[in-house]
Amino acid sequence: MPTPPSTAKEIVLTETQSTTASEINRVSVIGAGTMGAQIAMVAALAGFSTDLIDIKEQQLEQARTSLAKRLDRDVQKGRRSQDEVDATWDRMNLTTDRDAAVKQSDFVIEAAVEDLGIKKSLFSELDELCPPHTILATNSSNIVSSRIAEATNRPEKVCNMHFFNPALVMKCVEVVPNPQTSSETVATTTALAEAMGKDPVQLHKEVPGFVANRLLNALRKEALDLYNKGIVDFQDIDTAAKTALGHPMGPFELMDLVGIDVVYLIRLAEYEQTGDPASLPDPAVKELYEAGRYGRKSGHGWYSYES
Ligand SMILES: NC(=O)c1ccc[n+]([C@@H]2O[C@H](COP(=O)([O-])OP(=O)(O)OC[C@H]3O[C@@H](n4cnc5c(N)ncnc54)[C@H](O)[C@@H]3O)[C@@H](O)[C@H]2O)c1
């Protein structure tokens, strides 16, 4: 097998102070929504002192309730001991006092709302507040970290650390350096993901959509093309994906699960970044979106979920 070319030189070595995973004691997660709550729990379960930070107290309470439900179920099913769960909660600090928390943090994972302006001002404030060695990672699916790193004075310590939903279950974490990210930051972020029990995928350079979502988009694009050309019903495409390719669900079932609104808005955001008409949402998806058929959450998408 040919030896793949080395890409290490593409990672700029500008870091002066570095942190290894073994030196990480405290992880702070910003945003206690769908992703942040579970990412924080993954960190706490792995033994890290963990802050889960949100601007809304109510969001933290919701996160506490849903995480407690999951962990209690794990105990009932014998997957974890009550002692382990108690010790995990002891390591968790749910707070709206971001500034106090991140002052002690070795690694920050930002999982706040998907808005470039909010992320840039957050990173600029984190840069002021955090110790110099702290790595600032974003969980963003669509915003590459080079667009955020410029708001800080530590671009070499900024990268994407992309978890998948549900973060407590999905093993993949994509580690994506921007052109200024140091090799130490990549190594530490990858090691942290491993310490969290994940299987990290390390990209050598930034690309919109990273790896898994690009693969998914390629499959979805082909599936929609076959459907739009009237070659096959969408239900049969789902059947083929499951019975021939061994996928747990077909591309249309998955769109309904993720949310037609999410699928539509992600494409629109990509179009805004690329300006390429090929990035625009598929017309069939647009039609569902405009009809308010958002998938499982609205009871109707490609499929109907009304009983
Ligand atoms: N939902 C997914 O399937 C998924 C998967 C992978 C990555 N992501 C990425 O994760 C990030 C979060 O997505 P989500 O679905 O969890 O969003 P969400 O809307 O469920 O949660 C966002 C949370 O951030 C909080 N927030 C907003 N501004 C804040 C601030 N300045 N400081 C602290 N908290 C703030 C909100 O109150 C909310 O609780 C996004 O960047 C998204 O691209 C999402």
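Residues numbered from 1 in each chain as written. Predicted model: local features only at pLDDT ≥ 70, side-chain atom pairs only at ≥ 80, totals over all residues. Heavy atoms only, no water.

**What about the UniProt feature "domain: 3-hydroxyacyl-CoA dehydrogenase NAD binding" (unreviewed entry) in the protein chain?**
Put simply, the rule is: UniProt positions are given in the numbering used here, feature names are shortened, and annotations may be inferred rather than shown by experiment. Strands are runs of DSSP state E lasting at least two residues, helices are runs of H or I lasting at least four, and both sets are numbered from the N terminus onward.
The residues that UniProt annotates with the feature "domain: 3-hydroxyacyl-CoA dehydrogenase NAD binding" (unreviewed entry) are residues 27–205. Annotated as residues 27–205, this span is 44% helix and 21% strand, and its ends, taken at the C-alpha atoms, are 25 Å apart.

**Considerations on the site of the ligand**
Formally: For this purpose, a residue is taken to be near a molecule or strand whenever a single non-hydrogen atom of the residue falls within 4 Å of it. Polar contact is the term for a pair of N or O atoms within 3.5 Å; when the atoms are in protein, one must be able to donate a hydrogen and the other to accept it, and sequence-neighboring residues count only if both atoms are side-chain atoms. The Shrake-Rupley method, run with a 1.4 Å probe, gives the accessible areas here. Residue values count only the displayed protein chains as cover. As a working rule, the residues Ala, Val, Leu, Ile, Met, Phe, Trp, Tyr, Cys and Pro are called nonpolar, Asp, Glu, Lys and Arg charged, and the rest polar, with Gly in that last group.
Close to the ligand lie 21 residues, the nearest being Met35, Asp54, Gln59, Glu114 and Lys119. Taking threonine 34, its main chain carries an N or O atom lying 3.0 Å from an oxygen atom of the ligand. Taking aspartate 54, its side chain carries an N or O atom lying 2.7 Å from an oxygen atom of the ligand. For the ligand, whose accessible area on its own is 830 Å², the fraction buried by protein is 78%. Residue assignment for the shell around the ligand shows that the elements contributing at least two residues are α1 (34–45), α5 (116–129) and β6 (158–163). Residues belonging to the shell around the ligand are distributed by class as follows: nine nonpolar, nine polar and three charged.

**As for the pairing of strand β8 (residues 199–202)**
Heads up, the rule is: At least two bridges found by DSSP between two strands is the condition for calling them paired. Here a crossover is taken to be right-handed if, once the strands point away from the viewer, the path from the first strand over the helix to the second is traced clockwise.
Taken together, the four bridges between strand β7 (residues 172–177) and β8 define a ladder with parallel strand orientation. Each residue of the ladder has a partner; that of valine 173, found in β8, is proline 200. With helix α7 (residues 183–195) bridging β7 and the parallel β8, this β-α-β connection has right-handed handedness.

**Quick notes on the sheet that holds strand β5 (residues 135–138)**
Where we set the bar: Every axis in this analysis is a line fitted to C-alpha atoms, fitted for helices over the stretch in contact. Angles between the N-to-C directions lie between 0 and 180 degrees. What makes two residues a contact is simply this: any of their non-hydrogen atoms within 4.5 Å.
Taken together, the eight strands give an open sheet; going across it, the order is β3-β2-β1-β4-β5-β6-β7-β8, and neighbouring strands pair in mixed fashion. Of all strands in the sheet, those bounded by a partner on one side alone are β3 (92–95) and β8. Taking the axes of each pair of neighbouring strands and ignoring which way they run, one obtains an average angle of 25 degrees across the sheet. Across the sheet, helix α2 (residues 57–76) touches β2 (49–53) and β3, and the angle it forms with β3 is around 145 degrees. Most of the contacts of α7 go to β6, to which it runs at about 25 degrees, and overall it touches β1 (26–30), β4 (107–110), β5, β6, β7 and β8.

**Observations concerning the domain arrangement of the protein chain**
Defined as follows: In this entry, domain limits derive from an automatic or database-based domain assignment. Defined here as a combined quantity, buried area equals the accessible surface (1.4 Å probe) lost by two parts on assembly, summed across both. A side-chain nitrogen of Lys or Arg and a carboxyl oxygen of Asp or Glu constitute a salt bridge if their distance falls within 4 Å.
Each assigned domain of the protein chain is listed here: domain 1 (8–202) and domain 2 (212–296). For domain 1 versus domain 2, the separation of C-alpha centres amounts to 29 Å. Contacts between the two partners involve seven residues from domain 1 and, on the opposite side, four residues from domain 2. Interface of domain 1 and domain 2: buried area, both sides summed, is about 420 Å²; carbon and sulfur atoms make up 44% of it. The tally of links from domain 1 across to domain 2 stands at zero salt bridges. On the surface where domain 1 and domain 2 come into contact, there are one residue pair in polar contact (both at pLDDT 80 or more). Residue composition of the side of domain 1 that touches domain 2, by class: two nonpolar, three polar and two charged.

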